[in-house]
Amino acid sequence: MQQQIDFKKFATYSKAGPRYTSYPTAIEFNTDYDYKSYLLDLQKDTNPLSLYLHLPFCRSACYFCGCNVIYTSKAENKTRYLSYLKKELSILKEQMDTSKDVYQLHFGGGTPTFFDADELKIIIELLRQTFPNFSDEAEISCEIDPRFFTKEQMEALKSGGFNRLSFGIQDFNPQTQKAIHRFQDFTLVQKAIEIARNYGIHSINFDLIYGLPYQNLQTFKETLHLCLKLNPDRFAIFNYAHVPWIKKTMRKIDETTLPHPEEKLKILEYNIEFLSQNGYKMIGMDHFAKPDDELFKSIAKNELRRNFQGYSTKGGTQTIGIGITSIGEGSNYYAQNHKDLASYEESIDKGQLPFCKGIQLSLDDKIRKTVIMKLMSNFKLDFKQIEEEFKIDFTTYFKEALEELEPLREVGLLEKTNDGLEVSQTGMLLIRNIAMPFDAYLKKFSNDKKVFSKTI
């Protein structure tokens, strides 16, 4: 029986909080973690590799976008960036073992398909030369803007081994598209999907965003129904993070047109119900996949992980961030590259990796990271599993967090036993709130609302 949700009641739980694409969150990255420390951590990590390459350029601004982008129409900017990517990869080869197996590669942006087919071939060849040992089962993916996608680009990606594409859809409603300055009708997207399917791409993801201007439950239903006609294998349906104090383009959005948290909860509940009825299973807080998709299978293999791209199929890897603003992750650290081109190029010209800041994880960080990521990925915790891994008594170590969760338990967002926690159906909609008590860094932000986006 479908659980009845009091939307007005639970909308009051909306507050500023992290998305937990990392723990500690990126706001904790600092320059105390220096270049020498980063190189040591980079070199001693024995895990296989996951590669993230940031291609930052966009032709024009989408007002909702929270990514690190550079707006340009000049071809020479791309050519210059490619020359620095080549130098960066050469330095990486000197500083770490690039012969380790590669389990995953992802092109993010910006707009990766702002680079033409020949440029994409150059990038892929540079990566293959630097990292020669791609696993036969590697997931190799690229973010696609359907407005900039050609058969020639698809051919370049396919010949480079790409087997998954993620299409930025966001919303099909014309009024919403106008408000966010991103125009792409159903026919345009349909043609882009046909190109991918014709080249044998069997794993296609759609990115949607709820909480955008003029959205409501009815308009989002229409977008979902249109998406289903194109039969994607996965959905990533993100809660819009309105942070105009960080992203200036978001100031162009009229805040009075944004849906209320109560309406957003209705949209999220409908997403779960509708997609579940149409062959998709909810994975983590914002992803859905068909049962035969690798994202779903990775749960059974205990390989599901959450990172800066959302949910990933390959756990237990060392992520190498390549390009401007990219973030790397090892078993013991996070490391971020410079966010501006001038600093990025200056580091590389000195023969150094473009490292800017990061953090080395303490034992407490590792314990809390494991707890938070298990909640975000699986909606439950096994206390004994954590105790065995870290040699702690869970209820003693997290006494304060468990007390803080008690009001959420009393209203039915989770169940607690002697052995663990399990999040309810309603609690899934508020999983960020449930994870937050385990975050040791949050208290210092209690009076600063302009740090994180709202949880609803």
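Residues numbered from 1 in each chain as written. Predicted model: local features only at pLDDT ≥ 70, side-chain atom pairs only at ≥ 80, totals over all residues. Heavy atoms only, no water.

*Asks:* Residue-level account of the UniProt feature "binding site: S-adenosyl-L-methionine 2" (unreviewed entry) in the chain, with values.
*Replies:* In the UniProt entry, the feature "binding site: S-adenosyl-L-methionine 2" (unreviewed entry) is given for Phe 64, Cys 65, Gly 66, Gly 110, Thr 111, Gln 170, Arg 182, Asp 207 and Ala 241. By relative accessible area, Phe 64 is classed as buried at 10%. With respect to the element layout, Gly 66 can be found in the loop between strand E2 (57-58) and strand E3 (70-71). By relative accessible area, Gly 66 is classed as partly exposed at 47%. Residues within four places of Gly 66 in sequence aside, it is in contact with Lys 247 and Met 250. (UniProt positions renumbered as here; feature names shortened; annotations may be inferred. Buried < 20%, exposed > 50% of the residue type's maximum accessible area, 1.4 Å probe, protein only. Helix = DSSP H or I, 4+ residues; strand = E, 2+ residues; numbered from the N terminus. Contact = heavy atoms within 4.5 Å.)

*Asks:* Could you give an account of the domain arrangement of the chain, naming the residues involved and the relevant values?
*Replies:* What the domain assignment reports for the chain is domain 1 (1-24 + 363-441) and domain 2 (28-318). Taken over C-alpha atoms, the centre of domain 1 sits 27 Å from the centre of domain 2. Contacts between the two partners involve 23 residues from domain 1, matched on the other side by 24 residues from domain 2. At the boundary of domain 1 and domain 2, one finds zero salt bridges. Our enumeration of links across domain 1 and domain 2 arrives at one residue pair in polar contact (both at pLDDT 80 or more). If you list the elements that add at least two residues to the side of domain 1 that touches domain 2, you get helix H1 (7-11), helix H12 (363-378) and helix H17 (431-435). Across the side of domain 1 that touches domain 2, the residue classes break down as 13 nonpolar, seven polar and three charged. (Domains from an automatic or database assignment. Salt bridge = Lys/Arg side-chain N within 4 Å of Asp/Glu carboxyl O. Polar contact = N/O pair within 3.5 Å; in protein donor to acceptor, adjacent residues only side chain to side chain. Nonpolar A, V, L, I, M, F, W, Y, C, P; charged D, E, K, R; others polar.)

*Asks:* Requested: an account of empty space enclosed by the protein, with residues and values cited.
*Replies:* Evaluation of the coordinates by the stated rule reveals two cavities of 30 Å³ or more. In this structure, the second largest cavity occupies an estimated 30 Å³ of space. Taken together, Tyr 38, Glu 88, Leu 92, Ile 320, Gly 321, Asn 337, Leu 353 and Pro 354 make up the lining of the second largest cavity. For the lining of the second largest cavity, the elements supplying multiple residues, two or more each, are helix H3 (75-95) and strand E13 (318-322). Among the residues making up the lining of the second largest cavity, the classes are represented as five nonpolar, two polar and one charged. (1 Å grid on protein atoms, 1.4 Å probe; cavity = no way out; pocket = protein on both sides within 12 Å on 5 of 7 lines; lining within 4 Å. Points joined across faces, edges and corners; volume = space filled by probe spheres on them.)

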